[in-house]
Amino acid sequence: MIGRVQEHLTAIYGITCEARAETFMVDTESAVRLGATGRAEEELLVSGGGNGDELEVALYLSPALLDRLKPYESGPVGHLLDRDLDGYCQLAEGVSHFLYVVHTAAHGRALSLLELEAQAEVDKFAMCLLHRWGEGVRPWAEELLRRLFERVSYRPRLSSQERWRYEEANRLSRSFCTRLMGHVSGRRLDRLLTELRYAYRLGAEAKLRHMAHGM
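On a predicted model such as this, the values are computed, not experimentally measured, just so you know.

Engineer: Where do I start with the packing of helix α8 (residues 160–185) against helix α10 (residues 204–213) in this structure?
Structural biologist: The relative placement of two packed helices comes down to the angle between their axes together with the axis-to-axis distance. For the pair α8 and α10, interaxial distance at closest approach is 6 Å and the crossing angle is 55 degrees. On the basis of their axis angle, the class for α8 and α10 is oblique. As α8 runs across α10, the sense of the crossing is left-handed. The residues of α10 that touch α8, namely those facing L172, S175, F176 and R179, are L208, H210, M211, A212 and H213. Each residue belonging to the contact of α8 with α10 can be placed in one class, and the counts come to five nonpolar, three polar and one charged.

Engineer: In this structure, what is going on with α8? I would like to understand it.
Structural biologist: Given 3.6 residues per helical turn, the α-helix brings residues three or four places apart onto the same face. Spanning 26 residues, α8 covers 38 Å between terminal C-alpha atoms, matching the ideal 38 Å at 1.5 Å per step. After α8 finishes, the residue R187 shows a positive phi value of roughly 55 degrees.

Engineer: Help me understand the packing of helix α6 (residues 113–131) against helix α9 (residues 189–201) in this model?
Structural biologist: It is the contact of α6 with α9, at a shortest axis distance of 12 Å, that shows an interaxial angle of 160 degrees. The pairing of α6 with α9 is recorded here as roughly antiparallel in orientation. Seen along the crossing, α6 lies across α9 with a hand that is left-handed. Contacts from Q119, V122, D123, A126, L129 and L130 of α6 reach α9 at L189, L192, L193, L196 and Y200. Along the lines of polarity and charge, the residues of the contact of α6 with α9 split into nine nonpolar, one polar and one charged.

Engineer: In this structure, what is going on with the state of the cysteines? I would like to understand it.
Structural biologist: In a disulfide, the sulfur atoms of two cysteines are covalently bonded to one another. Throughout the structure, instances matching the rule amount to zero disulfides. Here C89 is not disulfide-linked; the sulfur of C128 is the nearest cysteine sulfur, at 4.1 Å. Residue classification places C89 among the buried residues on the basis of a relative accessible area of 6%.

Engineer: Explain unusual backbone geometry to me, please; I cannot follow it from the model alone.
Structural biologist: A positive phi is found at R187, a non-glycine position, where the angle reads about 55 degrees. Along the chain, R187 falls in the loop between α8 and α9. Non-glycine residue A204 carries a positive phi angle of around 50 degrees. The topology assignment puts A204 in helix α10. Judged by its relative accessible area of 35%, A204 is partly exposed.

Engineer: I would appreciate a short explanation of helix α1 (residues 2–13) in the present structure.
Structural biologist: Here α1 is twelve residues long and its end C-alpha atoms lie 17 Å apart, about the 16 Å a rise of 1.5 Å per residue gives. Counting buried positions along α1 gives nine out of twelve residues, so the element sits mostly inside the fold. Every buried residue belonging to α1 is among I2, G3, V5, Q6, H8, L9, T10, I12 and Y13, and all of these are buried. On its buried face, α1 is in contact with β1 (25–26), β3 (56–61), α3 (63–69), α5 (85–106), α6 and α9. Backbone geometry just downstream of α1 places G14 in the positive-phi region, at approximately 65 degrees.

Reading guide: rules and limits
- Residues numbered from 1 in each chain as written.
- Predicted model: local features only at pLDDT ≥ 70, side-chain atom pairs only at ≥ 80, totals over all residues.
- Heavy atoms only, no water.
- Axes fitted to C-alpha atoms, helices over the stretch in contact; angles between N-to-C directions.
- Helix = DSSP H or I, 4+ residues; strand = E, 2+ residues; numbered from the N terminus.
- Parallel < 35°, antiparallel > 145°, perpendicular 65-115°, else oblique.
- Left-handed = near helix turned anticlockwise from the far one by under 90°.
- Contact = heavy atoms within 4.5 Å.
- Nonpolar A, V, L, I, M, F, W, Y, C, P; charged D, E, K, R; others polar.
- Expected span 1.5 Å × (residues − 1).
- Disulfide = S-S within 2.5 Å.
- Buried < 20%, exposed > 50% of the residue type's maximum accessible area, 1.4 Å probe, protein only.

In structure tokens form, the structure reads like this:
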């Protein structure tokens, strides 16, 4: 499932990535040693990458999450979206973080945590949307907007800065994904992909401004 998610993301955005997320996975004990907070079922752990340092990454996905998704490893993702959308989105968020960090590092660009979180929200929407593109997609897209951006809650142990970052990422990505609904209604897959790919390649403040307001 991890490899399928990465392949879907690279296809959506028209990018290549030789690094495979599944080969960077670590178990719970190793994740704790590397600084994992233990508050989420997925965490991307990053060190280095500044001042010419080599970037080191590790992806943690909890055993409980992987067990939940195991029955769907080889079947249609649409079945998983019906039965465990939350589980799929948690895994997708971890892979999204991994891919975006590696992609920006390969282009010699720094990124903010806000940018990383906002992109992951868009990635989850795009992947879930496109898995149902041929099935009367407008109602599904509207349901996704509600479930991913409106019916949300935040962990109680977040700091005020963390809470702001997650809320702001939700606001920015919701604005962007809502604008994509015109392409969904018009069944304009080429225009949808063009817009997704354009935004993905923007960096830092330009990406956040584009998500909030468009061009």
